[in-house]
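Remarks on the overall topology
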Amino acid sequence: MNGLGSAADIGGILGGAIVTAALMIWVERRLLAFWQERLGPNRVGPFGIMQVMADMVKLFFKDEWVPPFADRAVFVLAPTIAMLATLLGLSLIPFAPDVGVADLSFSLLCLLGLASLSVYSPLLAGYASHSKYPLLGGLRAAAQSFSYEVFMGLAAMGVVMQAGSLDLRVIVESQYRGWYIGPQLLGFVLFLIAAVAETRRAPFDLPEAEQELVAGFHTEYSGIKFGMFYVGEYIGILLNSALIVTLYLGGWWGPAFLPPLAWFLLKMAGFIVLYLLLRTSLPRPRYDQLMRFGWLVLLPLALVNLIGTAAWEVFS
Amino acid sequence: MISLLRALWIVFRRLFTPAATVQYPEEMPKLASRYRGRIVLTRDPDGQERCVACSLCAVVCPTDCIVLQKSEDESGRWYPEVFRINFSRCIYCGLCEEACPTEAIQLTPDFEMGEQDRHFMVYEKEHLLTDGPGKYPGYSFWHVAGKAIAGKDKREAQHEAPPIDIHSLLP
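What counts as what
- Residues numbered from 1 in each chain as written.
- Chains lettered and ligands numbered in written order.
- Predicted model: local features only at pLDDT ≥ 70, side-chain atom pairs only at ≥ 80, totals over all residues.
- Helix = DSSP H or I, 4+ residues; strand = E, 2+ residues; numbered from the N terminus.
- Rg over C-alpha atoms; globule rule 2.2 N^0.38 Å.
- Buried ≥ 20, exposed ≤ 12 C-beta atoms within 10 Å, placed from the backbone.
- Contact = placed C-beta atoms within 7 Å.
- Pairing = 2+ DSSP bridges.
- Expected span 1.5 Å × (residues − 1).
- Axes fitted to C-alpha atoms, helices over the stretch in contact; angles between N-to-C directions.
- Parallel < 35°, antiparallel > 145°, perpendicular 65-115°, else oblique.
- Left-handed = near helix turned anticlockwise from the far one by under 90°.
- Core = buried A, V, L, I, M, F, W, Y, C linked by C-beta atoms within 7 Å.
- pLDDT = per-residue confidence, 0-100.

Looking only at helices and strands, chain B has four helices and five strands in total. For chain B, the α and β elements follow one another from N to C terminus as α-β-α-β-β-α-β-β-α. In terms of overall size, chain B is more extended than a compact globule, its C-alpha atoms giving a radius of gyration of 24 Å where 171 residues would be expected to give roughly 16 Å. If one aligns the C-alpha atoms of chain B with their principal axes, the spans along those axes are about 95 × 50 × 30 Å. Among the 171 residues that make up chain B, the fraction classed as buried is 18%. Across chain B, every contact between residues at least 6 apart in sequence was considered, and the portion connecting residues at least 24 apart equals 69%.

Take a look at the structure:
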């Protein structure tokens, strides 16, 4: 039926995600450079776009070292989870009416579950490395995930209430009349903050805070295992941008002069740039500040949003 | 909250300002004329070596990278017969230039001194000596100094009064 989950879709989304994630390393470095009045990598290939290839070759040929004191099986498992959980999540995103891999009736729940699963990657990496800085990073990842997972789910529930479904495809289709960013503005802001925390990127990069913890949970990683963490992080950005677009910005809906898929990717690109901009300009909060902010400010706000939406749905 | 949004805007605005980067091999950076780079030995306006081999530069050098050997020519001028700077040790601090009483040793705005092998970084006198007077075009040490050389006796230098006739009573 309508080409959903066909081989072309699977290959396209999988290959596109990995290639885009790799390219984003270059995009990030160049954009960051422009925002800091530098030029960034511009030597390899046109505009330096082949810098990614050079980096990949470097990563592949690096010594693949596992510390003798590490818990070997878990040590190898952790970066795999980082990539698998996020890539699996992408299979649930409805990119366009006939583009997507899986079509579940509870895909939002499944996605939130996969997002929570991806927390295991820094956690296990920190534990398996068996050294101090990774352990601290892993602890922070765990505590941070407790602080944002709750209000992330609660913020998304506002959309679920309005759409009346947990199916992302139905949620997008129900935004035909208007995007949920309007009625769910508070939920959108909350979800955006949670999504940044979800990918563990600045300003919420406490688990790998370079200035404090060397490289946090992936201090002991090298070679392609480090590369998997790295690419996994960028696929996480893709996934979360796609999720925000799906939930709040009307997914593939847009004026008819562009195909639906183009609209989706365009909105996604906007959020990816926002992610990079946040990373460049905002300072990292302290550890306890983040948790206090999550529990005492954002969680009550998410509850208010939820109750408000429920009241609206009941009385209108 | 407002400050965070403001920070975002300030950083985003930088997208439209030109980068401060100078793309070096294609584009030369603009160096100040006082830039401290490659060290040279300069000459008088008449084309003679300025260096009098006083060794003050070698003494003041914090990394001991200057070696020289004094000699004297037939006209009575002192000059270094060996002058060697090991640029792999030089830190381009410019103290030698400050110490030099004859403005002979000078630092120039040239930093492109990369070599494949360390021993190429040791510059001998013929590599250091330039043809011009450097930063002080009119200055000639021997013509203002009191020491006698061939063609200029004592009390015959510039701004110097002729010798006093100690047997004359006239002022």
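On we go from here.
Once that is clear, we can look at the overall build of chain A. Looking only at helices and strands, chain A has twelve helices and zero strands in total. Secondary structure elements of chain A occur, N-terminal to C-terminal, as α-α-α-α-α-α-α-α-α-α-α-α. In terms of overall size, chain A behaves like a compact globule, its C-alpha atoms giving a radius of gyration of 20 Å where 316 residues would be expected to give roughly 20 Å. Considered along the principal axes of its C-alpha atoms, chain A spans approximately 60 × 45 × 40 Å. Out of the 316 residues belonging to chain A, those deemed buried represent 46%. In chain A, 77% of the contacts between residues at least 6 apart in sequence involve partners at least 24 apart.

Here the focus is the pairing of strand β2 (residues 66-72) of chain B. The side chains of a regular strand alternate between both faces of the sheet. Residue and element names in this part refer to chain B. With seven bridges joining them, β2 and strand β3 (residues 78-86) adopt antiparallel strand pairing. Within β3, the residue paired with V67 across the bridge is R84. The antiparallel pairing of β2 with β3 creates a hairpin that spans five residues between the two strands, and G76 there sits at a positive phi of about 95°.

Let's shift gears to helix α6 (residues 132-163) of chain A. An α-helix turns once every 3.6 residues. As a result, residues three or four positions apart point the same way. Across its 32 residues, α6(A) extends 46 Å between first and last C-alpha, which sits within 8% of the 46 Å expected from 1.5 Å per residue. Of the residues one or two after α6(A), A:G164 is the one with positive phi, at around 75°.

Residues and elements named next belong to chain A. In a regular helix each residue adds 1.5 Å, so 26 residues correspond to 38 Å; helix α10 (residues 223-248) covers 38 Å between its end C-alpha atoms and thus fits that length. Within α10, 23 of the 26 residues are buried, which leaves the element mostly enclosed by the surrounding structure. With its phi angle positive at about 75°, G250 sits one or two positions after the end of α10.

Residues and elements named next belong to chain A. Interhelical geometry of α6 versus helix α12 (residues 287-315) gives an angle of 15° and a closest axis separation of 9 Å. Compared by their axis directions, α6 and α12 come out roughly parallel. In the packing of α6 onto α12, the handedness of the crossing is left-handed.

This part takes up unusual backbone geometry. You will see that A:E37, though not glycine, has its phi angle at about 60°, which is positive. Position of A:E37 among the secondary structure elements: in the loop between α1 (7-35) and α2 (51-61).

Attention now goes to the pairing of β3(B). Relative to strand β5 (residues 122-123) of chain B, β3(B) runs antiparallel, the two being bridged by two bridges. The partner of B:N86 across the bridge, within β5(B), is B:V122.

Here we come to the packing of helix α8 (residues 185-198) of chain A against α10(A). What describes two packed helices is the angle between their axes and the distance between those same axes. Residue and element names in this part refer to chain A. In the contact formed by α8 and α10, the axes pass within 10 Å of each other and the chain directions differ by 165°. The angle between α8 and α10 falls in the class roughly antiparallel. Where α8 crosses over α10, the handedness of that crossing is right-handed. For the pair formed by α8 and α10, the contact residues are F188, F191, L192, A195 and E198 on the first element and N240, L243, I244, L247 and Y248 on the second.

The subject of this paragraph is the sheet that holds β3(B). Strand order across the open sheet formed by three strands is β2-β3-β5 (chain B), with antiparallel pairing between neighbours. Two strands lie at the open edges of the sheet, namely β2 and β5 of chain B, each paired on one side alone.

Here we come to the nonpolar core. Here is a general trend for soluble globular proteins: nonpolar side chains tend to be buried in one another's company. Ranked by size, the top nonpolar core spans 83 residues in total, and within it A:F191 and A:A194 carry the most contacts. Residue contacts for A:F191: discarding those within four places in its chain leaves A:M152, A:A155, A:A156, A:I244, A:L247 and A:Y248. In this structure, B:I85, B:C90, B:A104 and B:L128 belong to the second largest nonpolar core, which totals 23 residues.

Okay, the environment of A:L14 next. All names here are of chain A. As for its position among the elements, L14 is in helix α1. Residue L14 is classed as partly exposed on the basis of its C-beta count, with 14 C-beta atoms lying within 10 Å. C-alpha of L14 to C-alpha of R279: the two residues are 265 residues apart in sequence and 26 Å apart in space.

Per-residue confidence for chain B gives a mean pLDDT of 88; residues scoring 70 or more make up 100%. Scored by ipTM, the complex comes to 0.70, with pTM at 0.76.

Quick look at the environment of B:T17 now. All names here are of chain B. Inspection of the secondary structure puts T17 in the loop between α1 (2-13) and β1 (39-41). Residue class for T17 comes out exposed when judged on the 10 C-beta atoms lying within 10 Å of it. Separated by 116 residues in the primary sequence, T17 and P133 place their C-alpha atoms 43 Å from one another.

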